[in-house]
Every structure is written in structure tokens, then in C-alpha cells.
Amino acid sequence: MSDAPEVLFEKRDHVACLTLNRPHRGNSLTGSMMPVIREMWAEVRDDPWIRAAIVIGAGERHFCTGADVHAVAGRGGMSTGNGPLTDEVFWSPRQNRVWKPVISAVNGLVAGAGLHFVVDADIVLAADHAAFMDTHVNVGLVGAMENIGLAKRLPLGSALRMTLMGKSYRMPAQRAYQLGLVDELSTSEDLMADAEEMAQAIARNSPEAVSLSKQAVWNSLEMGYGQACEYGWSLLRMHWAHPDAKEGPRAFAEGREPNWTTGEQ
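As the structure is a prediction and not an experimental result, all values here were calculated from the model.

Trainee: Describe in detail a nonpolar patch on the surface, supporting the description with residues and values.
Mentor: A cluster of nonpolar side chains, Val69, Val139 and Leu141, forms an exposed patch at the surface whose accessible area comes to about 220 Å². Here Leu141 shows up in the loop between strand 8 (131-133) and helix 5 (145-153).

Trainee: Quick rundown of the pairing of strand 7 (residues 123-127)? Include the residues and the values.
Mentor: Summarising burial for strand 7: four of the five residues are buried, a large majority. Examined bridge by bridge, strand 5 (residues 102-106) and strand 7 share four bridges and lie parallel to one another. In the sheet register, Ser104 faces strand 7, and the bridge partner there is Val124. Two strands pair when backbone bridges link them, and strand 7 and strand 10 (residues 184-186) are joined in this way by three bridges, in the parallel orientation. By the bridge assignment, Leu125 is partnered in strand 10 with Glu184.

Trainee: Residues and numbers for the pattern of salt bridges, please.
Mentor: Within the structure shown, the criterion is met by eleven salt bridges. In this structure, the salt-bridge partner of Glu6 is Arg22, at a minimum N-O distance of 3.4 Å. One end of the pair, Glu6, is in the segment before strand 1 (7-12); the other, Arg22, is in the loop between strand 2 (15-20) and helix 1 (33-46), with 16 residues separating them in the sequence. Residue class for Arg22 comes out buried when judged on its relative accessible area of 8%. Salt-bridge contacts for Glu43 lead to Lys11; the nearest nitrogen and oxygen are separated by 2.8 Å. Residue Glu43 is located in helix 1, and its partner Lys11 is located in strand 1; the two are separated by 32 residues in the primary sequence. Residue Lys11 is classed as partly exposed on the basis of its relative accessible area, which comes to 39%. One continuous salt-bridge network, built from bridges that share partners, spans Glu247, Arg250, Glu254 and Arg256.

Rules behind the numbers
- Residues numbered from 1 in each chain as written.
- Predicted model: local features only at pLDDT ≥ 70, side-chain atom pairs only at ≥ 80, totals over all residues.
- Heavy atoms only, no water.
- Patch = residues over 30% accessible without salt bridge, like charges linked within 9 Å, V, L, I, M, F, W, Y side chains within 5 Å.
- Areas by Shrake-Rupley, 256 points an atom, 1.4 Å probe, with all protein chains shown as cover.
- Salt bridge = Lys/Arg side-chain N within 4 Å of Asp/Glu carboxyl O.
- Helix = DSSP H or I, 4+ residues; strand = E, 2+ residues; numbered from the N terminus.
- Buried < 20%, exposed > 50% of the residue type's maximum accessible area, 1.4 Å probe, protein only.
- Pairing = 2+ DSSP bridges.

If you want it as C-alpha cells, here you go:
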């Protein structure tokens, strides 16, 4: 058994990076990892210095292969409680109310609960050898939370094919890109650099405007079109009072980089 931390957390240049660090187990998830990941997402959410985040898996074979089934078998069942979703599950940025942009850099196979980090990401970047699979039904479990997320980002038939065929179907990265689950393809060698370049481009923008823009788009998925437009309009009007709404046009007119209000001490 490795003594290395199961999740690594690094920060540089206003970008946080969470690395799932169990390559000997396919970067699978254990119950003990959830409070650690929850704490990391809380730092991303609450630290104004952090403006974007990246999630990646250690090594090149696996991004995250879901729950460690050996641990589940040894325990005799899942470790998650029976309460509401908002009280029990804290893997993804969305589940931790993170309204800063998150990029998933998919460096290998994704399966089962690993899909939380994909379907709840803002941007999905994948190495060209990556693949996507759901194995819940193979081990007698219901494919639900991650699979509902898949149905938001894939055609229904493609989401159901992955859900119902289990390990018999792996969606290659190229197909995932064609269908919209992946936003851009990269290579193993360039994946992290490409993710960091995206994150840095985001970090140069107004943090408050970025956060509210993300909220407008994600929350619109829970509403009808008219209601979503009214919601977006309310966020837009609210932001007019923020200093960045004045600083941005002023900096553009003066030909300089803007000095955003960040809340940093």
C-alpha cells in the first residue's frame, strides 16, 4: 500500500489543481477521500486568490475508475449515508457549491463515480487515448447521479448505452468529443499544459463576472427559457454595481490591463 496522499492539492498563478493520486488502484475513490476532497473544494470556493481549478488523475492510464470496489466489498456495502444528496455526496465542484470555473483534464479511463468530475466540470479536456465507461450495473449498483449528468451532456441514447451496457461499452475520447461530452482533445504530453493555458486565460478575467456568468449558465438548466433569461438579467443588473463593471470598460479605453476587485487580503 502506498503512503502517498490519496489526493494532491497544489496552487499556483491563481489556479488550484486537484490530482487523484491512487494510480495503483486506477485512481479509484474511497470513503476516506470524500472529506479530504470536500475540504479542498471548500478552499477553492472560499479563497479569493484562487480563480480557477483543474482536476486530473495521476499517471496516464486512468483519470478515475470510480469507487474502489475492493473496499466496498470488504466493507459489505457503500459508505455513503441515506440522507439527501446535498448532505451526503461531495465529490464534484457542483456538489460543493463551487462557482469558480473547473476544468477536468481527463488523462485516461473514466468509470463510475469518476464521471462526477466530468459531468459537473465546466470544461472537459481529454487526452486522445482517454475513454468513458459506466460500470454501476456490472457490480449490482444503480447508475443514477453521474448518469443523469451524462444525459445533460450527451444525446439520450448515448447516455443510456453507456449506462445500460456497463463495461461492455467504452466511449473513446474521439467519440465523446464528437458528441459534446469532451470539449477539446489533447495528447498525454500536452494535456496538463493545455489545461493550465485554459485556466490562466480564465484567471485573467473579472473573477466576479466569471462566477456570475457560470451561475447564469448552470442554473438556467434548471429553468424554462423565459425564467432563465429573467434570472440572467437579474445577475447582470446586480453586477452593474460591482467595481469590475466600471474597471473593465475603463481599462479597455485606456489600453491597459484591468485591475479587478478580488477580495484578496
